[in-house]
Amino acid sequence: MPMLLKIVLSSFAIVAVLLVSSFLFSLWQSARLAARYPNIGELTDVGGFRMNSYHWPRPATADLPPLVFIHGASGNLRDPMAAFFEPLKSRAEMLFVDRPGHGYSERGGDSNLTPDGQADAIATLMRMKGISRAIIIGHSFGGATTAALALRHGKNVAGLLFLSPATHPWPGGVDWYYDLANTPVIGRLFCNTIALPAGLLQMDMGVRHVFSPNPVPEGYLDKAAIPLVLRPDTFCNNARDVANLLAYVRKEQPHYREITAPTIIITGDSDDIVYEELHSRGLKRDIAGSELYWVRNLGHKPDYVATDLAIAAIEKLAGMPRDLDAASRIVEKRIAPSAK
């Protein structure tokens, strides 16, 4: 056998062994992740597929309308829940949702590939949980779904709170691994073999990047169950969401001017994940009467770093008098970089 052919065959054999090993490792780790972060919600059939959510009923001491929380890319319902449940559990009925294909929600049909289909599913879930009207809180990718809810189900929306939203066209594309995971055949192979072990190695660094320049809260990864996104099906679903978002917002952004619900946007000037000058300022421009609070030294996670400001915004959307400019200054003072 010619030496070159031997080398080629040996290389293929090595690659095959590595892929099989990665596939088996991913199966094992997926089971471990599911055991480590079991479902704390309830699956509800919303018409052809089951959607997962955690529903907190209206407490006797409630002073706020129902609240619906929509997580961002790579997240699940535990992410906003870890930030908002404790401070609001005595004040409001709350619904934390796993967007279709995330957390423990099933993916459903092709309509769930984009925020408008996901918004329809959430609106159906709200009705099935007895929530006729709510303040919708959306972070990052969840901002596009929040905007879609307002456009398609305005009668169910009492107010909108956008936290570092991704809602407008941006220059360039997305990170290479989203496009790769969204590629037919090769993408599925990538999700089932390489994505999980590589993701585990990069997880801590990635989370630090999301929070930067602010510190990551202690125990965040476990409280928010972020590693669940590395399971092959969830990773592929997340990649498809992100890869499809740019084309979607190019089409939908002109319609944002039709949104009439009271709207507050909170963003930071140090967000390295989305361009706040395009998305948040774009929403302020497009939604008449909306309010934008732009916080210095704040990264991509106002839900954790500026929770008090977000809650004050919810209160203002509920009709309570709140000085959000003063609240923003308090946050800025708290997170200001230490003097050298």
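Residues numbered from 1 in each chain as written. Predicted model: local features only at pLDDT ≥ 70, side-chain atom pairs only at ≥ 80, totals over all residues. Heavy atoms only, no water.

### Focus: the pattern of salt bridges
Point 1. In this structure the tally under the stated criterion is 18 salt bridges.
Point 2. Across the pair R107 and D241 runs a salt bridge whose closest N-O atoms are separated by 2.8 Å. Of this pair, R107 sits in the loop between β4 (94-97) and α3 (115-128) while D241 sits in helix α9 (residues 232-252), placing them 134 residues apart in sequence.
Point 3. For R107, a relative accessible area of 14% puts it in the buried group.
Point 4. Assessed through its relative accessible area of 1%, D241 is described here as buried.
Point 5. Close ionic contact of D303 with K301 constitutes a salt bridge, the shortest N to O distance being 3.0 Å. The burial state of D303 is the same as that of K301; both residues are buried.
Point 6. Beyond isolated ion pairs, a larger network of salt bridges with shared partners links D63, R91, E315 and R322. (Salt bridge = Lys/Arg side-chain N within 4 Å of Asp/Glu carboxyl O. Helix = DSSP H or I, 4+ residues; strand = E, 2+ residues; numbered from the N terminus. Buried < 20%, exposed > 50% of the residue type's maximum accessible area, 1.4 Å probe, protein only.)

### Some details on α3
Point 1. Given a rise of 1.5 Å per residue, 14 residues ought to cover 20 Å, and the 20 Å separating the end C-alpha atoms of α3 matches this to within 8%.
Point 2. Extensive coverage of α3 is indicated by the burial of 10 of its 14 residues.
Point 3. Taken together, the buried positions of α3 are P115, D116, G117, Q118, A119, A121, I122, A123, L125 and M126.
Point 4. Downstream of α3 by a residue or two, G130 has a phi angle that is positive, lying close to 80°. (Expected span 1.5 Å × (residues − 1).)

### Observations regarding a nonpolar patch on the surface
Point 1. Residues F23, L24 and L27 make up a contiguous nonpolar surface patch of about 280 Å² in total accessible area.
Point 2. Looking at the element boundaries, F23 is found in helix α1 (residues 3-36). (Patch = residues over 30% accessible without salt bridge, like charges linked within 9 Å, V, L, I, M, F, W, Y side chains within 5 Å. Areas by Shrake-Rupley, 256 points an atom, 1.4 Å probe, with all protein chains shown as cover.)

### With respect to the nonpolar core
Nonpolar side chains in soluble globular proteins generally cluster together in the buried interior.
Point 1. L67, L88, L161 and I266 are the most contacted members of the largest nonpolar core, which totals 60 residues.
Point 2. No other element matches helix α12 (residues 307-317), which puts seven residues into this core.
Point 3. Ignoring any residue separated from it by four or fewer positions in sequence, one finds L67 in contact with L88, A92, E93, M94, L95, A134, I135, I137 and I314.
Point 4. With 38 residues, the next largest nonpolar core counts L95, A123, F141 and I287 among its residues. (Core = buried A, V, L, I, M, F, W, Y, C linked by side-chain atoms within 4.5 Å. Contact = heavy atoms within 4.5 Å.)

### With respect to the environment of R257
Point 1. Position of R257 relative to the elements: it lies in the loop between α9 and β7 (263-268).
Point 2. Between the C-alpha atom of R257 and that of L283, which follows or precedes it by 26 residues, the distance is 8.7 Å.
Point 3. In terms of polar contacts, R257 uses its side chain to reach the backbone carbonyl oxygen of P254, at 2.7 Å. (Polar contact = N/O pair within 3.5 Å; in protein donor to acceptor, adjacent residues only side chain to side chain.)

### A word on the pairing of strand β5 (residues 134-139)
For a regular strand, the rule is simple: side chains alternate between the two faces of the sheet.
Point 1. Extensive coverage of β5 is indicated by the burial of six of its six residues.
Point 2. Note that strand β3 (residues 67-70) and β5 share four bridges and pair parallel. When the sheet's bridge partners are listed, I70 is paired in β5 with G138.
Point 3. Pairing analysis gives six bridges linking β5 to strand β6 (residues 157-163), with the strands arranged parallel. Residue G138 lies in a different strand from β6, and its bridge partner there is F162. (Pairing = 2+ DSSP bridges.)

### Here we look at the packing of helix α6 (residues 186-193) against helix α7 (residues 195-211)
Point 1. Contact pair α6 / α7: the axes reach a minimum separation of 4 Å and the direction vectors enclose 55°. On the basis of their axis angle, the class for α6 and α7 is oblique. Residues F190, C191 and T193 of α6 pack against A195, L196 and P197 of α7.
Point 2. Across the contact of α6 with α7, the residue classes tally to five nonpolar, one polar and no charged. (Axes fitted to C-alpha atoms, helices over the stretch in contact; angles between N-to-C directions. Parallel < 35°, antiparallel > 145°, perpendicular 65-115°, else oblique. Nonpolar A, V, L, I, M, F, W, Y, C, P; charged D, E, K, R; others polar.)

### A closer look at the sheet that holds strand β2 (residues 50-56)
Point 1. Strand order in the open sheet formed by eight strands is β1-β2-β4-β3-β5-β6-β7-β8, with mixed pairing between adjacent strands. The sheet is open, and its two borders are formed by β1 (42-45) and β8 (291-295), each paired with just one other strand. Each strand of the sheet is rotated relative to its neighbour by a mean of 25°, with strand direction disregarded.
Point 2. Looking at chain direction, β6 and β7 are connected through four bridges and run parallel. For L163, the partnering residue across the bridge sits in β7 and is I266.

### Section: the packing of aromatic side chains
Point 1. All told, the structure shown has 11 aromatic pairs when counted by the stated rule.
Point 2. Judged by centre distance (4.9 Å) and plane angle (90°), the ring pair of W56 and F85 falls under edge-to-face. Within this pair, whereas W56 is found in strand β2, its partner F85 is found in helix α2 (residues 78-88), the two being separated by 29 residues in sequence.
Point 3. Judged by its relative accessible area of 25%, W56 falls in the partly exposed class.
Point 4. Judged by relative accessible area, F85 falls into the buried class, the value being 12%.
Point 5. Linked through ring pairs, W176, Y177, Y178, F190 and F235 together constitute an aromatic cluster.
Point 6. We note R231 situated over the ring of Y104; from NZ or CZ to the ring centre the distance is 5.0 Å.
Point 7. Positioned over the ring face of W294 is R281, at 4.9 Å from the centre of the ring. (Phe/Tyr/Trp six-rings, centres within 6.5 Å; stacked < 30°, edge-to-face > 60°. Lys NZ or Arg CZ within 6 Å of the ring centre and 35° of its normal.)

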